[in-house]
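# Results of the structural survey
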Amino acid sequence: MSTEEEQQSCVGGYWSSFTSNMASFGKFLYNSEEGTIMGRDGGSWLRISIFYLGYYLFLAGLFAISIHACLSALDPYLPYFQTRLQYPGMTIMPRTDKFDPAALDIRFDDKEKKTYLAYIDGITDVLKPYNASLQEGDEFTDCTTTSLAHQKFDDTVKTAKACKFDVSNFLTECQQPPYGYPLSPCIFVRLNRVINWKPVPFMSLTDELASSEESGAMSLAEHLKMQSITYNKDYSYITCSGKSDADQENLGKAVYGPDGISAKFFPYFGKGRQEQYISPMVSVQFPNIKRNVEIKATCKVYARNMIDLARINVGYVDFKVKIDTTK
(Lines give C-alpha, C1' and ligand atoms only; values in the text may rest on other atoms or scores of the structure.)
Protein backbone atom coordinates (compact mmCIF):
# COMPACT_ATOMS: atom_id res chain seq x y z
CA MET A 1 0.00 0.00 0.00
CA SER A 2 1.39 3.40 -1.01
CA THR A 3 1.94 6.26 1.45
CA GLU A 4 -0.91 8.27 -0.13
CA GLU A 5 -3.32 5.35 0.29
CA GLU A 6 -2.26 4.98 3.95
CA GLN A 7 -2.97 8.67 4.60
CA GLN A 8 -6.42 8.42 2.98
CA SER A 9 -7.22 5.33 5.03
CA CYS A 10 -6.13 7.11 8.23
CA VAL A 11 -8.27 10.18 7.46
CA GLY A 12 -11.20 7.94 6.64
CA GLY A 13 -10.82 6.17 9.99
CA TYR A 14 -10.77 9.47 11.91
CA TRP A 15 -13.85 10.74 10.04
CA SER A 16 -15.74 7.55 10.68
CA SER A 17 -14.87 7.73 14.39
CA PHE A 18 -15.91 11.41 14.57
CA THR A 19 -19.29 10.84 12.89
CA SER A 20 -19.94 7.85 15.14
CA ASN A 21 -19.18 9.88 18.26
CA MET A 22 -21.37 12.78 17.10
CA ALA A 23 -24.23 10.36 16.46
CA SER A 24 -23.83 8.92 19.96
CA PHE A 25 -23.75 12.42 21.48
CA GLY A 26 -26.86 13.43 19.54
CA LYS A 27 -28.65 10.34 20.79
CA PHE A 28 -27.58 11.24 24.34
CA LEU A 29 -29.05 14.73 23.95
CA TYR A 30 -32.34 13.32 22.71
CA ASN A 31 -33.23 9.65 22.43
CA SER A 32 -36.41 9.42 20.37
CA GLU A 33 -36.79 5.70 21.00
CA GLU A 34 -36.86 6.02 24.82
CA GLY A 35 -38.16 9.59 24.94
CA THR A 36 -35.29 10.87 27.14
CA ILE A 37 -33.26 14.07 27.16
CA MET A 38 -29.67 13.63 28.35
CA GLY A 39 -30.60 10.26 29.78
CA ARG A 40 -33.64 11.43 31.78
CA ASP A 41 -37.33 11.33 31.00
CA GLY A 42 -39.77 14.10 31.89
CA GLY A 43 -40.62 12.70 35.34
CA SER A 44 -36.97 12.41 36.27
CA TRP A 45 -36.26 15.99 35.17
CA LEU A 46 -39.26 17.23 37.17
CA ARG A 47 -38.10 15.52 40.36
CA ILE A 48 -34.50 16.72 40.12
CA SER A 49 -35.65 20.29 39.29
CA ILE A 50 -37.89 20.38 42.36
CA PHE A 51 -35.04 19.08 44.52
CA TYR A 52 -32.50 21.67 43.39
CA LEU A 53 -35.05 24.49 43.51
CA GLY A 54 -35.76 23.66 47.13
CA TYR A 55 -32.06 23.23 47.88
CA TYR A 56 -31.07 26.64 46.50
CA LEU A 57 -34.06 28.33 48.11
CA PHE A 58 -32.87 26.90 51.44
CA LEU A 59 -29.32 28.24 50.85
CA ALA A 60 -30.68 31.66 49.86
CA GLY A 61 -32.85 31.78 52.97
CA LEU A 62 -29.96 30.74 55.20
CA PHE A 63 -27.77 33.43 53.68
CA ALA A 64 -30.48 36.09 54.14
CA ILE A 65 -31.00 35.09 57.78
CA SER A 66 -27.23 35.24 58.43
CA ILE A 67 -26.93 38.71 56.88
CA HIS A 68 -29.96 39.97 58.81
CA ALA A 69 -28.58 38.62 62.09
CA CYS A 70 -25.21 40.23 61.42
CA LEU A 71 -26.65 43.64 60.51
CA SER A 72 -29.07 43.63 63.45
CA ALA A 73 -26.12 43.17 65.81
CA LEU A 74 -24.25 46.20 64.39
CA ASP A 75 -24.66 49.75 65.64
CA PRO A 76 -25.67 51.93 62.65
CA TYR A 77 -23.72 54.86 64.11
CA LEU A 78 -20.59 53.22 65.52
CA PRO A 79 -18.07 50.84 63.91
CA TYR A 80 -17.89 47.46 65.60
CA PHE A 81 -14.09 47.42 65.51
CA GLN A 82 -12.00 50.54 66.20
CA THR A 83 -8.67 48.97 67.09
CA ARG A 84 -6.86 50.90 64.33
CA LEU A 85 -8.70 54.13 65.08
CA GLN A 86 -7.87 54.80 68.70
CA TYR A 87 -5.88 57.93 67.86
CA PRO A 88 -6.59 60.46 65.11
CA GLY A 89 -4.07 60.85 62.35
CA MET A 90 -2.67 64.27 61.58
CA THR A 91 -2.19 65.98 58.24
CA ILE A 92 -1.44 69.33 56.68
CA MET A 93 -3.38 70.92 53.85
CA PRO A 94 -3.27 71.33 50.96
CA ARG A 95 -2.33 67.90 49.68
CA THR A 96 -1.99 68.45 45.96
CA ASP A 97 -1.54 66.27 42.89
CA LYS A 98 1.44 68.38 41.88
CA PHE A 99 3.65 65.42 42.73
CA ASP A 100 3.24 61.79 41.73
CA PRO A 101 2.18 60.34 44.06
CA ALA A 102 0.41 63.22 45.82
CA ALA A 103 2.53 64.55 48.67
CA LEU A 104 2.46 67.08 51.50
CA ASP A 105 5.70 68.76 50.38
CA ILE A 106 5.65 72.41 49.34
CA ARG A 107 7.92 73.34 46.46
CA PHE A 108 7.59 76.33 44.14
CA ASP A 109 9.35 79.33 42.60
CA ASP A 110 8.06 82.57 44.06
CA LYS A 111 8.55 84.29 40.69
CA GLU A 112 6.58 81.69 38.71
CA LYS A 113 2.86 81.71 39.57
CA LYS A 114 2.20 78.47 37.73
CA THR A 115 4.46 76.65 40.21
CA TYR A 116 2.32 77.55 43.25
CA LEU A 117 -1.14 77.93 41.70
CA ALA A 118 -1.96 74.30 42.59
CA TYR A 119 -1.53 75.12 46.29
CA ILE A 120 -3.89 78.10 46.09
CA ASP A 121 -6.52 76.06 44.27
CA GLY A 122 -6.07 73.20 46.74
CA ILE A 123 -6.63 75.45 49.77
CA THR A 124 -9.69 76.99 48.12
CA ASP A 125 -11.20 73.53 47.71
CA VAL A 126 -10.39 72.62 51.32
CA LEU A 127 -12.04 75.78 52.68
CA LYS A 128 -15.29 75.49 50.71
CA PRO A 129 -17.18 73.68 53.53
CA TYR A 130 -16.02 76.40 55.95
CA ASN A 131 -18.04 79.08 54.16
CA ALA A 132 -20.33 80.77 56.69
CA SER A 133 -23.32 80.54 54.32
CA LEU A 134 -23.06 76.73 54.45
CA GLN A 135 -23.12 76.67 58.26
CA GLU A 136 -26.72 77.71 58.76
CA GLY A 137 -29.65 75.64 59.93
CA ASP A 138 -30.62 73.50 62.90
CA GLU A 139 -27.79 71.03 62.33
CA PHE A 140 -25.22 73.66 63.39
CA THR A 141 -24.59 75.24 66.76
CA ASP A 142 -22.35 78.02 68.08
CA CYS A 143 -19.68 76.31 70.16
CA THR A 144 -18.24 79.52 71.61
CA THR A 145 -20.61 79.07 74.54
CA THR A 146 -21.16 75.31 74.49
CA SER A 147 -19.52 72.10 73.26
CA LEU A 148 -20.48 68.94 71.42
CA ALA A 149 -19.87 66.66 74.41
CA HIS A 150 -23.15 67.55 76.13
CA GLN A 151 -25.31 65.99 73.40
CA LYS A 152 -27.36 62.91 74.27
CA PHE A 153 -29.23 60.54 71.97
CA ASP A 154 -32.33 58.39 72.30
CA ASP A 155 -35.14 57.04 70.12
CA THR A 156 -36.32 60.57 69.32
CA VAL A 157 -32.97 62.36 69.07
CA LYS A 158 -30.72 60.50 66.64
CA THR A 159 -28.65 63.23 64.99
CA ALA A 160 -25.97 65.47 66.45
CA LYS A 161 -25.33 69.12 65.85
CA ALA A 162 -22.03 70.31 64.40
CA CYS A 163 -19.98 73.25 65.62
CA LYS A 164 -19.74 76.28 63.40
CA PHE A 165 -16.18 77.16 62.44
CA ASP A 166 -15.37 80.82 61.89
CA VAL A 167 -12.57 81.29 59.34
CA SER A 168 -11.83 84.67 60.90
CA ASN A 169 -9.93 82.65 63.51
CA PHE A 170 -7.35 81.90 60.82
CA LEU A 171 -4.41 84.21 60.27
CA THR A 172 -5.47 87.22 58.20
CA GLU A 173 -3.59 86.19 55.04
CA CYS A 174 -4.90 82.62 55.35
CA GLN A 175 -8.57 83.56 55.13
CA GLN A 176 -8.75 84.20 51.40
CA PRO A 177 -6.69 83.75 48.20
CA PRO A 178 -3.79 83.79 47.57
CA TYR A 179 -3.32 82.53 51.16
CA GLY A 180 0.04 84.17 51.67
CA TYR A 181 1.56 82.84 48.44
CA PRO A 182 4.24 83.33 47.30
CA LEU A 183 5.89 85.31 50.12
CA SER A 184 4.67 83.50 53.24
CA PRO A 185 2.49 80.52 52.23
CA CYS A 186 -0.21 79.25 54.58
CA ILE A 187 -0.61 75.65 55.57
CA PHE A 188 -3.53 74.23 57.52
CA VAL A 189 -3.15 71.54 60.17
CA ARG A 190 -6.02 69.29 61.19
CA LEU A 191 -6.76 65.94 62.82
CA ASN A 192 -8.52 63.08 61.11
CA ARG A 193 -11.92 62.14 62.45
CA VAL A 194 -12.20 59.38 65.04
CA ILE A 195 -15.64 58.63 66.46
CA ASN A 196 -16.04 59.51 70.15
CA TRP A 197 -12.41 60.60 70.56
CA LYS A 198 -11.82 63.63 72.78
CA PRO A 199 -8.46 65.27 73.54
CA VAL A 200 -7.28 65.01 77.14
CA PRO A 201 -5.38 68.03 78.51
CA PHE A 202 -2.09 67.92 80.40
CA MET A 203 -2.10 68.38 84.15
CA SER A 204 1.53 69.48 84.00
CA LEU A 205 3.82 70.71 81.24
CA THR A 206 6.55 68.50 82.66
CA ASP A 207 4.57 65.43 81.61
CA GLU A 208 6.76 63.18 79.44
CA LEU A 209 4.09 63.25 76.72
CA ALA A 210 4.37 67.05 76.56
CA SER A 211 7.59 66.56 74.58
CA SER A 212 8.35 64.41 71.57
CA GLU A 213 11.78 62.93 70.90
CA GLU A 214 10.48 60.79 68.03
CA SER A 215 9.08 63.70 66.00
CA GLY A 216 11.89 66.11 66.76
CA ALA A 217 9.32 68.83 67.45
CA MET A 218 9.86 71.35 70.24
CA SER A 219 8.20 70.55 73.54
CA LEU A 220 4.86 72.04 74.48
CA ALA A 221 6.51 74.23 77.13
CA GLU A 222 9.01 75.57 74.56
CA HIS A 223 6.20 76.24 72.09
CA LEU A 224 4.12 78.18 74.62
CA LYS A 225 7.16 80.22 75.64
CA MET A 226 8.05 81.03 72.03
CA GLN A 227 4.47 82.11 71.30
CA SER A 228 4.21 84.02 74.61
CA ILE A 229 0.94 82.35 75.55
CA THR A 230 -0.34 80.61 78.68
CA TYR A 231 -1.43 76.99 78.59
CA ASN A 232 -5.19 76.62 78.19
CA LYS A 233 -6.58 73.14 78.89
CA ASP A 234 -9.35 73.71 76.37
CA TYR A 235 -6.83 73.61 73.50
CA SER A 236 -4.71 70.97 71.83
CA TYR A 237 -1.75 73.02 70.71
CA ILE A 238 -0.08 72.68 67.33
CA THR A 239 3.62 73.29 66.92
CA CYS A 240 5.49 73.38 63.60
CA SER A 241 9.27 73.52 63.53
CA GLY A 242 12.37 72.32 61.71
CA LYS A 243 13.55 68.73 62.14
CA SER A 244 17.06 69.89 63.05
CA ASP A 245 18.62 73.07 64.39
CA ALA A 246 19.68 74.03 60.86
CA ASP A 247 16.18 73.36 59.55
CA GLN A 248 14.69 75.46 62.36
CA GLU A 249 17.01 78.35 61.55
CA ASN A 250 16.02 78.20 57.88
CA LEU A 251 12.31 77.78 58.65
CA GLY A 252 12.09 80.60 61.16
CA LYS A 253 9.46 81.19 63.81
CA ALA A 254 5.97 80.03 62.90
CA VAL A 255 2.79 81.97 63.61
CA TYR A 256 -0.56 80.32 64.25
CA GLY A 257 -4.23 81.15 64.08
CA PRO A 258 -5.98 80.03 66.21
CA ASP A 259 -3.46 79.00 68.87
CA GLY A 260 -4.71 75.42 68.88
CA ILE A 261 -7.67 73.11 68.28
CA SER A 262 -10.51 73.73 70.70
CA ALA A 263 -11.85 70.74 72.66
CA LYS A 264 -15.37 72.08 72.06
CA PHE A 265 -15.32 70.54 68.59
CA PHE A 266 -15.07 67.05 70.07
CA PRO A 267 -16.17 64.34 70.08
CA TYR A 268 -17.07 63.52 66.50
CA PHE A 269 -20.17 61.30 66.49
CA GLY A 270 -19.78 59.79 63.01
CA LYS A 271 -21.25 60.53 59.61
CA GLY A 272 -24.51 58.76 60.45
CA ARG A 273 -25.27 61.18 63.29
CA GLN A 274 -23.24 64.19 62.24
CA GLU A 275 -23.08 64.47 58.48
CA GLN A 276 -22.38 68.23 58.54
CA TYR A 277 -19.39 68.01 60.91
CA ILE A 278 -16.58 70.44 60.10
CA SER A 279 -13.07 69.51 61.22
CA PRO A 280 -11.37 72.32 63.15
CA MET A 281 -8.07 73.51 61.67
CA VAL A 282 -5.16 75.73 62.58
CA SER A 283 -3.53 77.98 59.99
CA VAL A 284 0.26 78.28 60.08
CA GLN A 285 2.70 80.66 58.37
CA PHE A 286 6.47 80.98 58.32
CA PRO A 287 7.12 84.71 57.68
CA ASN A 288 10.93 84.44 57.78
CA ILE A 289 11.47 81.25 55.80
CA LYS A 290 14.70 81.19 53.79
CA ARG A 291 14.74 80.74 50.01
CA ASN A 292 16.62 78.31 47.79
CA VAL A 293 17.11 75.68 50.50
CA GLU A 294 15.22 72.49 51.25
CA ILE A 295 13.85 72.44 54.77
CA LYS A 296 12.63 69.37 56.62
CA ALA A 297 9.77 70.35 58.91
CA THR A 298 7.40 68.67 61.31
CA CYS A 299 4.05 69.66 62.79
CA LYS A 300 2.86 68.06 66.03
CA VAL A 301 -0.32 68.19 68.08
CA TYR A 302 -0.11 67.95 71.86
CA ALA A 303 -2.76 66.05 73.86
CA ARG A 304 -2.39 63.71 76.82
CA ASN A 305 -4.07 60.84 74.94
CA MET A 306 -2.10 61.26 71.71
CA ILE A 307 0.92 59.11 70.85
CA ASP A 308 3.53 59.47 68.11
CA LEU A 309 3.39 56.96 65.24
CA ALA A 310 5.15 58.13 62.10
CA ARG A 311 3.94 55.16 60.04
CA ILE A 312 0.32 56.39 60.04
CA ASN A 313 0.92 60.10 60.82
CA VAL A 314 -0.44 59.88 64.36
CA GLY A 315 0.72 62.67 66.66
CA TYR A 316 2.83 64.45 64.08
CA VAL A 317 3.45 64.75 60.36
CA ASP A 318 6.68 65.40 58.44
CA PHE A 319 6.99 67.37 55.23
CA LYS A 320 9.51 69.35 53.20
CA VAL A 321 9.48 72.96 52.09
CA LYS A 322 11.56 74.57 49.38
CA ILE A 323 10.83 78.01 48.00
CA ASP A 324 13.07 78.98 45.12
CA THR A 325 13.52 82.53 43.98
CA THR A 326 14.96 83.48 40.62
CA LYS A 327 16.86 86.73 40.23
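Residues numbered from 1 in each chain as written. Predicted model: local features only at pLDDT ≥ 70, side-chain atom pairs only at ≥ 80, totals over all residues. Heavy atoms only, no water.

## Some words on helix α3 (residues 117-127)
For clarity, the threshold we go by: With a 1.4 Å probe rolled over the protein chains alone, any residue whose accessible area is under 20% of its type maximum counts as buried; one over 50% counts as exposed, and the rest are partly exposed. Helix numbering and strand numbering both begin at the N terminus, where a helix is a DSSP run of H or I of at least 4 residues and a strand a DSSP run of E of at least 2. Picture the helix axis, draw a direction to every C-beta atom, and the arc is the one those directions span. Throughout, a residue-residue contact means that at least one pair of heavy atoms, one from each residue, lies within 4.5 Å.
The complete set of buried residues in α3 reads Tyr 119, Ile 120, Gly 122, Ile 123, Val 126 and Leu 127. Projection of α3 onto a plane perpendicular to its axis shows the buried side chains occupying an angular sector of 165 degrees, all on one side. Lining the buried residues of α3 we find β3 (90-93), β4 (106-109), β7 (186-191) and β11 (281-285).

## What to know about the nonpolar core
Short version of the rule: By convention a nonpolar core is built from buried Ala, Val, Leu, Ile, Met, Phe, Trp, Tyr and Cys residues, the set being connected through side-chain atoms within 4.5 Å.
In terms of nonpolar packing, the biggest core is built from 58 residues, with Tyr 181, Phe 188, Val 284 and Cys 299 touching the most fellow members. If you look at the next biggest cluster of nonpolar residues, it comprises 7 residues, including Leu 220, Leu 224, Tyr 237 and Tyr 302.

## Section: the sheet that holds β4
Spelled out, the test is: Two strands are said to pair when DSSP picks up at least two bridges between them. To define axes, lines are fitted to C-alpha atoms, for helices over the stretch in contact only, and angles between the resulting N-to-C directions are given on a 0 to 180 degree scale.
Taking strand neighbours across the sheet as the criterion, the 5 strands line up as β4-β13-β12-β8-β10 in an open arrangement whose pairing is mixed. On the outer flanks of this sheet lie β4 and β10 (260-262), each paired with one strand and no other. Between one strand axis and the next, the sheet turns by 20 degrees as a mean value, whatever way the strands run. With 6 bridges joining them, strand β8 (residues 235-242) and strand β12 (residues 295-302) adopt antiparallel strand pairing. Its bridge partner lying in β12, Cys 240 is registered against Cys 299. Lying over the sheet, helix α4 (residues 220-227) contacts β8 and β12, oriented at roughly 85 degrees with respect to β8.

## Describing the environment of Phe 266
Structurally, Phe 266 can be placed in the loop between β10 and β11. In the structure, Phe 266 is positioned 67 residues away from Pro 199 in sequence and 7.7 Å away in space, judged by C-alpha atoms.

## Details of the pattern of salt bridges
Defined as follows: One side-chain nitrogen of Lys or Arg within 4 Å of one carboxyl oxygen of Asp or Glu is enough to make a salt bridge.
Taken as a whole and judged by the stated rule, the model has 9 salt bridges. A salt bridge links Glu 249 to Lys 290, with the nearest nitrogen and oxygen atoms 4.0 Å apart. Of this pair, Glu 249 sits in helix α5 (residues 245-251) while Lys 290 sits in the loop between β11 and β12, placing them 41 residues apart in sequence. Residue classification places Lys 290 among the partly exposed residues on the basis of a relative accessible area of 39%. Where Asp 324 meets Lys 322, a salt bridge forms, and the shortest distance between an N and an O atom there is 3.9 Å. A relative accessible area of 26% places Lys 322 in the partly exposed class. Here the salt bridges share partners, and the residues they tie into one network are Asp 110, Lys 111 and Arg 291.

## Regarding the environment of Lys 322
For Lys 322, the position within the fold is in strand β13 (residues 316-324). Along the sequence, Lys 322 and Gln 276 sit 46 residues apart, while their C-alpha atoms lie 36 Å from each other. Those residues in contact with Lys 322 that lie beyond four places of it in its chain are Ile 106, Arg 107, Phe 108, Asn 292, Val 293 and Glu 294.

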